[in-house]
Amino acid sequence: MQHALDTFISNQFHVDAATWAWTQVIYAIAIGLAAFALVNFGAILAGIFSWAERRIAARMQSRIGPNRVGPGGFLQWFADAVKLMLKEDLIPTQSDSILYRMAPYFVMVGFSCTFVVLPFSHAIAATTMDLGLFYIIAITALIVVGVLLSGWASNSKWSLFGAMRAAAQIVSYEIPGGMALMVPLLISGTLSMQEMIRMQGGIQPEAGGNFLTAGGWPWNWNIFHDPAAFVCFFIYFTAALAEGNRAPFDLAEAESEIVAGYNTEYSGFRFSVFFLVEWGNVWVMSAIACTAFLGGWQVPGISLAALDNATGLSSIGLELLSLSFFVVKTLSLCFVVIWLRWTLPRIRVDSMMSLCWKYLVPAAFASIIFETVWVLAFARSPSFQLFFGVIMSIAAGAVPLWLFAKRTFDNIRDTGDRVDLTNW
Amino acid sequence: MPFHFVSILIFAVTGIGFVLATLTIMKFLRPNYPTEMKSAIYECGEKPFGDARFNFNPRFYLVALVFVIFEVEIAFMFPVALVFRKWVLGGNGVLAFWEIFVFAIILIVGLAYVWVMGDLDWIKTLAKEPPRSAKQE
């Protein structure tokens, strides 16, 4: 973004950005506008997710779901937001009122600061920080502080139980999550989110590639780079689910045991901040997974040079294309997150801990060592890498399809039924 | 890069401002009639008794300790992983591999130790329960 702003300054004001006195002010205004836009984007997205989740859940349970406010109930999230904002803001007399008021801010900052490096398309990202991935791992830890603070300050037994559980769970799952992200780091050799996506561009035309080798084809994605990366995608996804307190890891909010967990005492807007961040984090975790493993905004068949050098209308078209690829991939992952919540039952606390420390952490260690050997062996031969990527992506596409088809046809055969699509 | 640091600061301020502005504006619109019952701690309809901040199970602290060790490990491994590809392409890959390998092995030994000592079990058993005889069942 800094580079784009320098170009903007030299074009609009005809001065050198490096020496001009007002450059910093322009920077601050631009970043401020970006921050305002992205925080509101996160908040609105979280609202829409709350509606989408209820609709999807209803569909999965053969119900209708919210369908009164607006077309298809779409404005339900807006009505909920207005209701929550207009609710009385209760602060328990026995609570630590300063810490109690502070907790939602910590959670919100841990959420809004992730947007500093989250990419959206080839050119759209607030900054291209060199430290991107590491920074995201670090800054999301602020959410734990907020959660722990809310539970402690509430002075309610349910809140404290929930907060302690949440803290133990989130910090535990940060280990496999962080280690799983080390594998795409080993593959691409950069921490910057944008650079990491650029490294998943395959063999470029300048290096002797063609339409089928350059751009965001599945065989160029990190997930199909080698078996360790494939495993690590699922380790990261599981860990991210647990870090975001999403079912089946929502023990911190297990309503059947501890009422509502750490936010039991909260009401009104302060309460909604916690839920805004929980739903916003679904997007954040999906975007990180998409960046690190699923090729980000890379468009199949379009080389990086074509994206970089495009001008005028074609540059806008390519930008929108890359944006749509990123958004579609990320929203598909978000759908999987919601789907999992309504498919899997809540996991028990001791199985949750043993899943993390006895399965995911050793698996992540093994993957890292495997990956170092892989990079050592094949980093110099992109053609072999391409060959292996094609095999893995075809296998990864074919096996689930075959299993799905087999299961479907077996079920139809066993019941003697026919495929009924009228109920859609 | 001050540009990036200031960006983070501005995003953090925007996040705080988002919550603060909404709370402040809504202060003039929302009702505010606190009563003694409303401001009490929720305890499933009973009158709350005692303080919530009582002694806690030490296993939470144990998890936190193990977390700190492994988080530091991640922080140390990230820089090596970052330059690994560069070193491999530059011909120093084997050296970097052994560095990562030895470091990882030490930590795996640590994990194995914690595991064997039973600190990874949520319910730690200090003494083995006597095996149930078939007759009792």
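Residues numbered from 1 in each chain as written. Chains lettered and ligands numbered in written order. Predicted model: local features only at pLDDT ≥ 70, side-chain atom pairs only at ≥ 80, totals over all residues.

1. Let's talk about the overall build of chain B
Then, number 1: Counting its regular elements, chain B contains three helices and zero strands.
Then, number 2: Sequence-ordered secondary structure for chain B, helices as α and strands as β, is α-α-α.
Then, number 3: Expressed as a percentage of its 137 residues, the buried residues of chain B come to 19%. (Helix = DSSP H or I, 4+ residues; strand = E, 2+ residues; numbered from the N terminus. Buried ≥ 20, exposed ≤ 12 C-beta atoms within 10 Å, placed from the backbone.)

2. Notes on the packing of helix α9 (residues 227–243) of chain A against helix α11 (residues 268–293) of chain A
Residues and elements named next belong to chain A.
Then, number 1: Following both chains from N to C, one finds α9 and α11 inclined at 170°, their axes separated by 10 Å at the closest point. In terms of orientation, α9 and α11 fall into the roughly antiparallel class. Residues Ala229, Phe233, Tyr236, Phe237 and Ala240 of α9 lie in contact with α11, whose contacting residues are Met285, Ala289 and Phe293. (Axes fitted to C-alpha atoms, helices over the stretch in contact; angles between N-to-C directions. Parallel < 35°, antiparallel > 145°, perpendicular 65-115°, else oblique. Contact = placed C-beta atoms within 7 Å.)

3. Observations regarding the confidence of the model for chain A
Then, number 1: Within chain A, residue pLDDT values average 85, and 97% of them lie at 70 or more.
Then, number 2: Averaged pLDDT values over the elements of chain A bottom out at 70 in helix α10 (residues 255–258) of chain A and peak at 90 in α9 of chain A. (pLDDT = per-residue confidence, 0-100.)

4. Side note on the packing of helix α2 (residues 23–60) of chain A against helix α1 (residues 2–27) of chain B
Then, number 1: Across the interface, α2 of chain A lies against α1 of chain B with an axial gap of 9 Å and an inter-helix angle of 45°. Between α2 of chain A and α1 of chain B, the crossing angle belongs to the class labelled oblique. Viewed along their axes, α2 of chain A and α1 of chain B form a crossing whose handedness is right-handed. For the pair formed by α2 of chain A and α1 of chain B, the contact residues are Tyr27, Ala28, Ile31, Gly32, Ala35, Phe36, Val39 and Ala43 of chain A on the first element and Phe3, Val6, Ser7, Ile10, Phe11, Thr14, Gly15 and Phe18 of chain B on the second.
Then, number 2: Along the lines of polarity and charge, the residues of the contact of α2 of chain A with α1 of chain B split into twelve nonpolar, four polar and no charged. (Left-handed = near helix turned anticlockwise from the far one by under 90°. Nonpolar A, V, L, I, M, F, W, Y, C, P; charged D, E, K, R; others polar.)

5. Concerning the interface of chain B and chain A
Then, number 1: Each side of the interface is counted separately: chain B has 58 residues, and chain A has 70 residues.
Then, number 2: Looking at the side of chain B that touches chain A, the elements that each hand over two or more residues are α1, α2 (59–90) and α3 (93–116) of chain B.
Then, number 3: Of the residues belonging to the side of chain B that touches chain A, the class tally is 42 nonpolar, eight polar and eight charged.

6. Section: the environment of Gly208 of chain A
Then, number 1: For Gly208 of chain A, the location among the structural elements is in the loop between α8 (193–198) and α9.
Then, number 2: Gly208 of chain A gets classed as exposed once you count the C-beta atoms within 10 Å, which come to 10.

7. A look at the domain arrangement of chain A
Residues and elements named next belong to chain A.
Then, number 1: We note that the domain assignment places domain 1 (1–86) and domain 2 (89–408) within chain A.
Then, number 2: Each of domain 1 and domain 2 was reduced to a C-alpha centroid, and the two centroids are 19 Å apart.
Then, number 3: Elements represented by at least two residues in the side of domain 1 that touches domain 2 include exactly α2 and α3 (76–85).
Then, number 4: When residues of the side of domain 1 that touches domain 2 are assigned to their parent elements, the largest contribution, 14 residues, is made by α2. (Domains from an automatic or database assignment.)

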